[in-house]
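Reading the structure
Residue-level listing of the chains:
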There are 2 protein chains.
Amino acid sequence: MANFGVLGTGVVGPTIGSKLIELGHSVMLGARDAANEKATAWAADAGELAHHGTFRDAAQFGNVIVNATLGLGSLAALEAAGTENLAGKVLIDISNLLDFSNGFPPSVGVPSTDSLAEQIQRAHPDARVVKTLNTATASVMVDPSRVPGEHQVFVSGDDADAKASVTDLLVSFGWPASRILDLGGIATARATEFYILLWVQLYSTLGTSEFNIEVHRA
Amino acid sequence: MANFGVLGTGVVGPTIGSKLIELGHSVMLGARDAANEKATAWAADAGELAHHGTFRDAAQFGNVIVNATLGLGSLAALEAAGTENLAGKVLIDISNLLDFSNGFPPSVGVPSTDSLAEQIQRAHPDARVVKTLNTATASVMVDPSRVPGEHQVFVSGDDADAKASVTDLLVSFGWPASRILDLGGIATARATEFYILLWVQLYSTLGTSEFNIEVHRA
């Protein structure tokens, strides 16, 4: 059992936090403000393994960090967390850099020569960044059986040991190891971060966020 | 049976051209130069329904146009084809704007607020542009049964009649109608044109280009 610092109080952060607690881990949900209402309410409801605090508190608490902040705010959140509190730790980056400033459809807030995951890795070179889970809605992240079929989740990162531990965590979430596709180094996060544009259109076309893709090969 | 002007002499153009001929259509394969060796050889081998010529010749010949040129050269090829030869016609855009100028992985040569399909539609407002087939390798485009599973193909375009005729063509290629997903207007081509970054990584990871994705929903 580990201590997780989960940054972000939208849908993803509390969903991941509650799943981690169900699995017996301790979780501190981090927000910009210590008195964040969603974090406070979540910690009050989620049992004695649940805590809340600032981004910095959560990063200090966790020996594994989860970035579930809005993509456009992720670099600021992680700067607030303190790079010294991320050093040497596995940093699971789930966020997407969706920019809705021109309405729907959103664009990705980075050129396709880069990705949020790479920006995070560059800003925090001693963190062991692993990009994953950013291609599914929160409920499917922690319970892939909600969607039928042999659909997959992707993993990108430069640190093989960090990817192995994240893979174990994904298995504990219900992802069979055979359905966890390691795409390679952290730069391969571009692939999944730009796939999100198709995800958004499929969400619009299908009328549900509970879907995922299965890669079939000849 | 229709006359198709197929622009591009890489793998995709001749593959699509040969499939169209197998289905009984007439095809002119267009290249920058009338004496293009690949176009000449293809036309010599592909039977009496096969012709070759310049981009302009092919666009004049076709009542349906297929853009299968390299994405970075597509606007120039279509300009050479002559906007008056595209006006009123269905223009099937299969190309991806992959930029390998910085090596592997490639980036997409347009910001994610735009797409090649939209650039083509803007440059040729009287053409009825439909984006499709750009998410599969050439052999799978014309024979989806090469990959097992209920994987899909996507369609984007502003002209409903044009999309309907392209859908009929896809069915004739072997795509069941239930597996042809209409994403919406031409701007939804961004979704599939940026998905290609994931496609390229999967190609690298899987070691084959003969794969495709199936969208499963809850």
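Each chain carries its own residue numbering, running from 1 in the direction its sequence is written. Here the convention is simple: chains get letters from A, ligands get numbers from 1, in the order in which they are written. Residues qualify for local features only when their pLDDT is at least 70, as the model is predicted, and side-chain atom pairs are given and counted only at 80 or more; totals for whole chains, interfaces and linings, by contrast, use all residues.

1. A few points about the relation of the copies chain B and chain A
Residues reaching a pLDDT of at least 70 in both copies supply the C-alpha atoms on which the copies are superposed by least squares. Aligned on chain A, chain B shows an RMSD of 0.0 Å; the corresponding rotation is 180° and the shift along the axis is 0.0 Å. Within this description, the copies of the chain are treated as partners about a two-fold rotation axis. Working definition of a contact: two residues with C-beta atoms, positioned from the backbone, lying within 7 Å. Counting the interface residues of chain B, we find that 100% of their copies in chain A are interface residues as well, pointing to one common contact surface.

2. Concerning unusual backbone geometry
Looking along the chain, the bond that leaves Phe104(A) and enters Pro105(A) is cis, with omega of 0°. Look at Leu133(A): it is not a glycine, yet its phi comes out positive at around 65°.

3. With respect to the confidence of the model for chain A
Residues and elements named next belong to chain A. Note: pLDDT gives the predictor's confidence per residue, expressed from 0 to 100. Summing up the model confidence of chain A, the mean pLDDT is 98 and the portion of residues at 70 or higher is 100%. The secondary structure element of chain A with the lowest average pLDDT is strand 6 (residues 98-99), at 96, and the one with the highest is strand 8 (residues 128-132), at 99. Interface confidence for the predicted complex, given as ipTM, is 0.97, next to a pTM of 0.97. Each helix is a run of DSSP H or I of at least 4 residues and each strand a run of E of at least 2, with the numbering of both proceeding from the N terminus.

4. Some thoughts on the packing of helix 4 (residues 71-81) of chain B against helix 5 (residues 116-123) of chain B
Residues and elements named next belong to chain B. Throughout, an axis means a line fitted to C-alpha atoms (over the contacting stretch in the case of helices), and angles, computed between N-to-C directions, take values from 0 to 180 degrees. Packing of helix 4 against helix 5 brings their axes to within 11 Å, and their N-to-C directions diverge by 10°. Judged on the interaxial angle alone, helix 5 and helix 4 are roughly parallel. For the pair formed by helix 4 and helix 5, the contact residues are Gly71, Ser74, Leu75 and Leu78 on the first element and Leu116, Gln119, Ile120 and Ala123 on the second. Throughout this entry, Asp, Glu, Lys and Arg are counted as charged residues, while Ala, Val, Leu, Ile, Met, Phe, Trp, Tyr, Cys and Pro are counted as nonpolar. The remaining residues, Gly among them, count as polar. Class assignment of the residues belonging to the contact of helix 4 with helix 5 gives a composition of five nonpolar, three polar and no charged. Working definition: roughly parallel below 35 degrees, roughly antiparallel above 145 degrees, roughly perpendicular at 65 to 115 degrees, and oblique for all remaining angles.

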